[in-house]
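# Fold and contact review
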Amino acid sequence: MNKAKVNEAELKERVVAINRVAKVVKGGRRFSFSAIVVLGDGKGVVGQGLGKANEVTDAIAKAIEDAKKNLVTVPIINDTVPHEIHGKFSGGFVFVKPAAPGTGIIAGGAMRAVLEAAGIHNVLAKSKGSSNPHNVVKATIDALSQMRAPHTVAFQRSVKMNKVFNG
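Note that the coordinates shown come from a computational prediction; the quantities given were computed from them, not determined experimentally.

## Considerations on the packing of aromatic side chains
Following the criterion strictly, the structure yields 0 aromatic pairs and no others. The side chain of Arg-20 reaches across the aromatic face of Phe-31, ending 4.1 Å from its centre.

Right under this line is the structure:
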């Protein structure tokens, strides 16, 4: 994964899911909460975090701190992704494909939050397999972290940029 360095003031968080978990004890039920948060600067840096606590606000705060540790950079060209890619995490599979300007973000639920946080404006995406937000978010970040910018591909292949695009 390509780690990202970013100004923390520019990061915007988005809560993807909050889950209430009950533990049965002698006096009744004890509730705790887990929160999944996506963090991004809207310029190609995105990360996700999981926080667990007895209060919702504490769980979200922990998730934000966790997300700051898991930031990755994503290459963005003309407000879309450079190429098609498949991502996988556990039972969650995602497919992300570039789209023409004006298309918008065609993606569902947890995937949409990740793509918006990364600053991608035109993309087609499909989630397959597990619809669990944990798996979908991590699979989407896996797909985005596998993205390669055209100039790095050109450098690795020792060819010019137009050769990368036109074959």
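## Re the UniProt feature "domain: S5 DRBM" (unreviewed entry) in the chain
Mapped onto the present numbering, the UniProt feature "domain: S5 DRBM" (unreviewed entry) falls on residues 11–74. With 22% helix and 61% strand, the stretch residues 11–74 has end C-alpha atoms that lie 15 Å from each other.

## As for the side chain of Thr-140
The topology assignment puts Thr-140 in helix 3 (residues 133–146). Taking relative accessible area as the criterion, Thr-140 reaches 0% and is therefore assigned buried. Those residues in contact with Thr-140 that sit more than four places away from it in its chain are Val-94, Met-111, Val-114 and Leu-115.

## Observations concerning the sheet that holds strand 5 (residues 85–89)
Strand order in the open sheet made by the 4 strands is 5-6-8-7, with mixed pairing throughout. The open sheet is flanked by strand 5 and strand 7 (105–106), the only strands paired with a single partner. Where strand 6 (residues 92–98) meets strand 8 (residues 123–129), 7 bridges bridge the pair, whose relative direction is antiparallel. Within the sheet, the bridge partner assigned to Pro-98 lies in strand 8 and is Val-123. Sheet strands touched by helix 2 (residues 109–118): strand 6, strand 7 and strand 8. Its angle to strand 8, the strand with the most contacts, is close to 145 degrees.

Rules used in this analysis
- Residues numbered from 1 in each chain as written.
- Predicted model: local features only at pLDDT ≥ 70, side-chain atom pairs only at ≥ 80, totals over all residues.
- Heavy atoms only, no water.
- Phe/Tyr/Trp six-rings, centres within 6.5 Å; stacked < 30°, edge-to-face > 60°.
- Lys NZ or Arg CZ within 6 Å of the ring centre and 35° of its normal.
- UniProt positions renumbered as here; feature names shortened; annotations may be inferred.
- Helix = DSSP H or I, 4+ residues; strand = E, 2+ residues; numbered from the N terminus.
- Buried < 20%, exposed > 50% of the residue type's maximum accessible area, 1.4 Å probe, protein only.
- Contact = heavy atoms within 4.5 Å.
- Pairing = 2+ DSSP bridges.
- Axes fitted to C-alpha atoms, helices over the stretch in contact; angles between N-to-C directions.

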